[in-house]
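Observations on the three-dimensional arrangement
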Protein chains: 2
Amino acid sequence: MPVSVLYNHTHRLLVALDCIVFGYDEEAGLQILLVKRHLHPEKGSWALMGGLLNKDENLDQAAQRILYHLTGMTNVYLEELKVFSCQHRDPVERTISVTYTALVDIHNYQHQLTEEFEARWFPAAELPDLIFDHNEMVRYAKHHLKQKAALQPIGFELLPDKFTFTQLRKLYDAIYETQLDKGNFRRMMLATGLLVQLKEKDKTGSKKGAYFYQLNTQKYQDRLSTFFS
Amino acid sequence: MPVSVLYNHTHRLLVALDCIVFGYDEEAGLQILLVKRHLHPEKGSWALMGGLLNKDENLDQAAQRILYHLTGMTNVYLEELKVFSCQHRDPVERTISVTYTALVDIHNYQHQLTEEFEARWFPAAELPDLIFDHNEMVRYAKHHLKQKAALQPIGFELLPDKFTFTQLRKLYDAIYETQLDKGNFRRMMLATGLLVQLKEKDKTGSKKGAYFYQLNTQKYQDRLSTFFS
C-alpha cells in the first residue's frame, strides 16, 4: 500500500466555526440566536455566529472569540457538536466547519446583546432560511438537544432555584417542541429521584396552589458522573 | 468591529483524522487497535489509525478509507468524537485532527486483520507511548465510553444472543476498568427493565447453573429514541 494514499500533503483548507446558541425563556420558549452576515456571498442573510480558526488559537478559544465579537456574550459554556465537511458546503472554497452549541437563560444575556451586534433571538421552531448548510446544523443541534434531554435531565440551570412542575414541563415542551402528557411527565420526573418537594406553594396560578420543587444538586452531580459508582 | 477579525482568509491547514477502535473479548477484556507509523517524524512508533482528509471526500468517508487502508476492516460504525486542535500538536506543521471512535467485537474482525497491516490489539489499560497527542485522544475516548455506558446501556452487541449476568458484568468491568459490585450491578441492570430472563441455564460454571438473559431489543430501541415518548 503506498503511504501517499494516506498522506497527501497538498490539501490545506480553511477551518470555520459556527455556534448554535439556544436560549430559553418561559414565555417565549426555545429560541436560537442568529446574526446578519456581513460578507459576500449571501451578505445580509441570517446566519449562525461563525468565523475562521486563526493561527494563534485552538478551536475552543476561537469559538469564544467569535461569539464575543458577534454578540458581546462572554462566559457561555460552548460544547463541541460535530464537524460539517461536505466538499461544496461553502461555494467560495472548501471550508469545513466545526459546530459548537450552548443552552442559556435568555435573561442572563439580554444586557450583553446590544444593537451594535445585530444579533437576534428567533423562535427555534420558525427560523428563516439561513446561509449554506446552517439550517442543517440547527436541525442536528436540535436533535442532539432532545437526545441529551432524554438520556439525562438537563436544563435545570434555566429554571429559578425553586420551580413548579408546570415550569419544568414547559421547559421540556420547548425542547421537544411538543406538549408532553402532564401525568406521565410528572411520574417520569419523580422517578428520577432528582427532585425535592418543598413545603412552600406557588399560589399565583390557582387558589389551591402548586408545590415548589428544587433540584437535588448533589444527587444530580453524582448521577451525571456515573450511575455505577 | 472590523470583519477581518473574523475572516482572516490566510490560515489554511491540514485536516487529519485519527480512529480510536475499542475491541472487546471476554478473555482479553477491553483492547485498543494500534498501527506502526510508516512516516517521519516518529517512524516506527505505535499510533492510532490516522491519515489526512482528501479533496474528494468528506470526513466520514475519509475515516472509513483510512481504517480500511491501515487495518483491512470494513463496515465498522465509526462515531465522530472530538477535534484536537492545539497549535503545536503536530511538530511538522499545524494539523487539526478529527477523532473517530468505535466499539467492536474483536472476533468479528480477527480475519480481516492480516499481517500485511501491522495493526495490533493492545490492552486498553496498558498502552505504549503513542505519537503526538494520541495518548490524550485515547484518554478522552475512554472517558467518553464510560460516560456513555453510564447514561445508556451499551455494548449488548458485544455479547452472545443469550448471556449470563457474569458475562454482562465482565463487559462493564472492562469498560470501567474496575470490579463492579455483583449485587449492585445486578439490581441496576434489572431496574433498567431491558433484560429478559430465559428458562435455560448455563451450567458450565457451576452445578447450580446461572440463568441466561436476553436483551429486550424492542424496549432497548424505544429507550434509545426517547424516554418521553
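Residues numbered from 1 in each chain as written. Chains lettered and ligands numbered in written order. Predicted model: local features only at pLDDT ≥ 70, side-chain atom pairs only at ≥ 80, totals over all residues. Heavy atoms only, no water.

**Observations regarding the overall build of chain A**
Along its length, chain A carries 6 helices and 9 strands. Here the C-alpha coordinates of chain A stretch approximately 70 × 50 × 30 Å along the principal axes. Here chain A, with 229 residues, has 52% of them falling under the buried criterion. By element, 49% of the accessible surface of chain A is carried by carbon and sulfur atoms, the whole surface being about 11,500 Å². Computed over 27 positive and 28 negative side-chain charges, the separation of the two mean positions in chain A equals 8 Å. (Helix = DSSP H or I, 4+ residues; strand = E, 2+ residues; numbered from the N terminus. Buried < 20%, exposed > 50% of the residue type's maximum accessible area, 1.4 Å probe, protein only. Areas by Shrake-Rupley, 256 points an atom, 1.4 Å probe, with all protein chains shown as cover. Lys, Arg positive; Asp, Glu negative; His and termini not counted. Charge placed at Lys NZ, Arg CZ, Asp CG, Glu CD.)

**Some points on the pattern of salt bridges**
All chains considered together, the criterion is met by 18 salt bridges over all chains. The partner of R12 of chain A in a salt bridge is E93 of chain B, and the shortest N-O contact between them spans 2.6 Å. In this pair, R12 of chain A is assigned in strand β1 (residues 12-25) and E93 of chain B in the loop between β5 (79-84) and β6 (95-105), connecting two distinct chains. Look at E93 of chain B and you get partly exposed, because its relative accessible area is 24%. A salt bridge links E200 of chain B to K162 of chain B, with the nearest nitrogen and oxygen atoms 2.7 Å apart. One end of the pair, E200 of chain B, is in strand β8 (residues 195-202); the other, K162 of chain B, is in the loop between α3 (134-151) and α4 (165-176), with 38 residues separating them in the sequence. What emerges from the salt-bridge pattern is a single network uniting K142, K146 and E177 of chain A. (Salt bridge = Lys/Arg side-chain N within 4 Å of Asp/Glu carboxyl O.)

**Some points on the nonpolar core**
Core analysis: the largest hydrophobic core is formed by 59 residues, its most contacted members being V15, V21 and M73 of chain A together with V15, V21 and M73 of chain B. Excluding anything up to four places from it in sequence, V15 of chain A contacts G51, L52, L53, L59, T95, I96 and V98 of chain A together with L13, V15 and I96 of chain B. (Core = buried A, V, L, I, M, F, W, Y, C linked by side-chain atoms within 4.5 Å. Contact = heavy atoms within 4.5 Å.)

**Some thoughts on the environment of K43 of chain B**
Residues and elements named next belong to chain B. Positionally, K43 belongs in the loop between β2 (29-36) and β3 (46-47). With 132 residues separating them in the primary sequence, K43 and I175 have C-alpha atoms 31 Å apart. Excluding residues that lie within four positions of it along the chain, K43 makes contacts with R37 and H38.

**Section: the packing of α3 of chain B against α4 of chain B**
All names here are of chain B. For the pair α3 and α4, interaxial distance at closest approach is 9 Å and the crossing angle is 140 degrees. Put simply, α3 runs oblique to α4. Across the interface between the two elements, L145, K146, A149 and A150 from α3 touch Y172, I175 and Y176 from α4. Among the residues forming the contact of α3 with α4, the class breakdown is 6 nonpolar, no polar and 1 charged. (Axes fitted to C-alpha atoms, helices over the stretch in contact; angles between N-to-C directions. Parallel < 35°, antiparallel > 145°, perpendicular 65-115°, else oblique. Nonpolar A, V, L, I, M, F, W, Y, C, P; charged D, E, K, R; others polar.)

**Describing the domain arrangement of chain A**
One frequent convention defines the size of an interface as the accessible area lost when the parts assemble. Residues and elements named next belong to chain A. According to the domain assignment, chain A consists of domain 1 (3-151) and domain 2 (154-222). Every contact between the two is made by 15 residues of domain 1 and, on the other side, 10 residues of domain 2. With both chains or domains summed, domain 1 and domain 2 bury close to 1,300 Å², and 65% of this area falls on carbon and sulfur atoms. When residues of domain 1 are sorted by the area they lose upon contact with domain 2, Y24, E26 and K146 head the list and together hold 44% of the total. When the shortest N-O distance is used, the salt bridge between K142 and E177 registers 3.2 Å. Applying the counting rule to domain 1 against domain 2 returns 5 residue pairs in polar contact (both at pLDDT 80 or more). Put simply, the parts of the chain that give the side of domain 1 that touches domain 2 at least two residues each are β2 (29-36), β6 (95-105) and α3 (134-151). In terms of residues, the side of domain 1 that touches domain 2 owes the most to one element, α3, which gives 6 residues. Considering only residue class, the side of domain 1 that touches domain 2 consists of 9 nonpolar, 1 polar and 5 charged. (Domains from an automatic or database assignment. Buried area = accessible area lost by both parts, 1.4 Å probe. Polar contact = N/O pair within 3.5 Å; in protein donor to acceptor, adjacent residues only side chain to side chain.)

**Some thoughts on the interface of chain B and chain A**
Listed as interface residues are 55 residues of chain B and, on the opposing side, 55 residues of chain A. Across the chain B to chain A interface the summed buried area is about 5,200 Å²; carbon plus sulfur atoms make up 63%. Our enumeration of links across chain B and chain A arrives at 15 residue pairs in polar contact (both at pLDDT 80 or more). If you list the elements that add at least two residues to the side of chain B that touches chain A, you get β1 (12-25), β4 (49-52), α1 (59-71), β5, β6, α3, α4 and α5 (182-191) of chain B. Looking at the side of chain B that touches chain A element by element, the count peaks at 6 residues for α1 of chain B. Taken together, the 3 bridges between β1 of chain A and β1 of chain B define a ladder with antiparallel strand orientation. Opposite L13 of chain A, over in β1 of chain B, you have L13 of chain B as the bridge partner. (Pairing = 2+ DSSP bridges.)

**Overview of the relation of the copies chain B and chain A**
Superposition of chain B onto chain A requires a rotation of 180 degrees combined with a translation of 0.0 Å along the rotation axis, giving an RMSD of 0.0 Å. The superposition operator between the copies reduces to a two-fold rotation axis. Mapped onto chain A, 100% of the interface residues of chain B again fall at the interface, so both copies present the same surface. (Least-squares fit on C-alpha atoms with pLDDT ≥ 70 in both.)

**Focus on the packing of aromatic side chains**
By the definition in use, this model includes 14 aromatic pairs over all chains. Plain terms: the ring middles of F84 of chain A and Y140 of chain A are 6.2 Å apart, the flat faces sit at 90 degrees to each other, and that makes the pair edge-to-face. Of this pair, F84 of chain A sits in strand β5 (residues 79-84) while Y140 of chain A sits in helix α3; the two residues are 56 residues apart in sequence, bridging distant segments of the chain. The class for F84 of chain A is buried, based on a relative accessible area of 5%. Residue classification places Y140 of chain A among the partly exposed positions, given a relative accessible area of 33%. Ring geometry for F156 of chain B against F163 of chain B: centres 5.9 Å apart, planes inclined by 40 degrees, an arrangement best described as tilted. An identical accessibility class is assigned to F156 of chain B and F163 of chain B; each is buried. Over the face of the ring belonging to F165 of chain A we find R186 of chain A, whose NZ or CZ atom lies 4.5 Å from the ring centre. In this structure, K201 of chain A is placed above the aromatic ring of Y211 of chain A, and the distance from its NZ or CZ to the ring centre is 4.8 Å. (Phe/Tyr/Trp six-rings, centres within 6.5 Å; stacked < 30°, edge-to-face > 60°. Lys NZ or Arg CZ within 6 Å of the ring centre and 35° of its normal.)

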